[in-house]
Amino acid sequence: GFGYDENDPNEDESLTIDEIKYALNNSGVKLEFIGFDACLMATFETAYALKDNAHYLIASEELEPGAGWNYMFLENIKEESTTKEVGQNIIDEYFGYYEDYNYRGNLTLSLIDLQEVEGLITEIDSLFSKTDGDINVNTFSKYARKLTRKTVFGNTGRSNSTYDLVDLKDLTNSISDEYPEETEAVATTLDQVIVYTKDNMTNTNGLSIYFPTNNKKNIDTILARYNDVKISKEYYNFLKNYS
């Protein structure tokens, strides 16, 4: 989720994704874009939850530096500017700001077309319904070796506080030998979903997804929260089976 209440010292939880979705659904407004000047929000789960509330999502796969976005992008908005142009400029100004200051940390920011997310869900369901059916006690170690990713966004180094977010295209590409048609369909749809993205990291393509990697202790809690958003049924079933 996103956003802690800084005025309430007793509030130790952020708004969950399903709470954000509920609020936007009841606002009566569809936005041109929803931008998160925050860490780790460029996820398949966020995009799915907010797909009916805006045309675009602008968010980062990785942690953001404390200074956040460069709001000088506001000076570049013209009356004739399209939302896509504004989104691309937000990303360019963000990277330009940190390049000017020789920032050496990880940077990612993506412009995601929420109108294309429904098609992505279809392709993810198709892939992981097959994967789920093929994982058993005899094949698990093979799939675990292939699916476990080296790049895990927001990795704190403490397993119990890691969110286990990995790049979606990188994850699905890891099983392309087993499911060539399905992984190609996911990659093709992702090219439509991710309109514009920049990063300075390896194995990073613009949209992440939850995949149990390091934080094994809290899998049950995470999956219970995951189910609240009612994302991809087939991927959720795969996660339960894999876990």
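The sections below set out a description of the structure shown in this document. Small disclaimer: the values here were computed from a predicted structure and weren't measured.

**Let's talk about the environment of Asp191**
Residue position: Asp191 is located in helix 7 (residues 180-193). Expressed as a C-alpha distance, the spacing of Asp191 and Leu168, which sit 23 residues apart in the sequence, is 12 Å.

**Some words on the sheet that holds strand 1 (residues 31-35)**
Reading across from one edge, 1-2-3-5 is the order of the 4 strands in this open sheet, with mixed pairing throughout. Looking at which strands have only one partner, the edges of the open sheet turn out to be strand 1 and strand 5 (194-199). Strand-to-strand, the axes of this sheet are offset by a mean angle of 10 degrees, without reference to chain direction. Sheet contacts for helix 3 (residues 83-100): strand 1, strand 2 (54-59), strand 3 (108-113) and strand 5; angle to strand 3, the most-contacted strand, approximately 175 degrees.

**Details of the packing of helix 8 (residues 219-228) against helix 9 (residues 233-242)**
The contact between helix 8 and helix 9 brings their axes to 11 Å, and the two run at 170 degrees. Considering their axes alone, helix 8 and helix 9 lie roughly antiparallel with respect to each other. Contacts between helix 8 and helix 9 involve Leu223, Tyr226 and Asn227 from the former and Tyr235, Tyr236, Leu239 and Lys240 from the latter. A per-class count over the contact of helix 8 with helix 9 returns 5 nonpolar, 1 polar and 1 charged.

**Section: unusual backbone geometry**
Here the phi dihedral of Leu40 falls at roughly 65 degrees; this positive angle occurs in a residue that is not glycine. Within the secondary structure layout, Leu40 lies in the loop between strand 1 and helix 2 (44-49). You will see that Asn203, though not glycine, has its phi angle at about 55 degrees, which is positive. Along the polypeptide, Asn203 turns up in the loop between strand 5 and strand 6 (208-210). We classify Asn203 as partly exposed; its relative accessible area is 36%.

**Some thoughts on the pattern of salt bridges**
On inspection of all chains with the given rule, the structure shows 8 salt bridges. A salt bridge links Lys169 to Asp191, with the shortest nitrogen-to-oxygen separation between them at 3.3 Å. Here Asp191 lies in helix 7 and Lys169 lies in helix 6 (residues 168-173), a separation of 22 residues in the sequence. Judged by its relative accessible area of 18%, Lys169 is buried. It is possible to trace a salt-bridge network through shared partners that takes in Lys51, Asp52 and Glu118.

**Some remarks on the side chain of Thr183**
Within the secondary structure, Thr183 sits in helix 7. On the basis of relative accessibility, which here comes to 3%, the residue Thr183 falls in the buried class. Within polar-contact distance, the side chain of Thr183 engages the backbone oxygen of Tyr179 at 2.8 Å. If we skip the residues at most four places from it in the chain, Thr183 touches Leu127, Thr172, Ile175 and Ser176.

**Thoughts on the nonpolar core**
Core analysis: the largest hydrophobic core is formed by 56 residues, its most contacted members being Phe44, Leu120, Leu207, Tyr235 and Phe238. Considering each element in turn, this core owes the most residues, 6 residues, to helix 4 (residues 117-134). In this structure, Phe238 is in contact with Phe128, Thr131, Asp132, Ile135, Leu147 and Phe211, ignoring residues within four places of it in sequence.

**A closer look at the packing of aromatic side chains**
By the definition in use, this model includes 18 aromatic pairs. For the pair Phe128 and Tyr235, a centre-to-centre distance of 4.8 Å together with 70 degrees between the ring planes defines the contact as edge-to-face. Residue Phe128 is found in helix 4, and its partner Tyr235 is found in helix 9; the two are separated by 107 residues along the sequence. Overall, Tyr235 belongs to the buried group, its relative accessible area being 0%.

Reading guide: rules and limits
Residues numbered from 1 in each chain as written. Predicted model: local features only at pLDDT ≥ 70, side-chain atom pairs only at ≥ 80, totals over all residues. Heavy atoms only, no water. Helix = DSSP H or I, 4+ residues; strand = E, 2+ residues; numbered from the N terminus. Pairing = 2+ DSSP bridges. Axes fitted to C-alpha atoms, helices over the stretch in contact; angles between N-to-C directions. Contact = heavy atoms within 4.5 Å. Parallel < 35°, antiparallel > 145°, perpendicular 65-115°, else oblique. Nonpolar A, V, L, I, M, F, W, Y, C, P; charged D, E, K, R; others polar. Buried < 20%, exposed > 50% of the residue type's maximum accessible area, 1.4 Å probe, protein only. Salt bridge = Lys/Arg side-chain N within 4 Å of Asp/Glu carboxyl O. Polar contact = N/O pair within 3.5 Å; in protein donor to acceptor, adjacent residues only side chain to side chain. Core = buried A, V, L, I, M, F, W, Y, C linked by side-chain atoms within 4.5 Å. Phe/Tyr/Trp six-rings, centres within 6.5 Å; stacked < 30°, edge-to-face > 60°.

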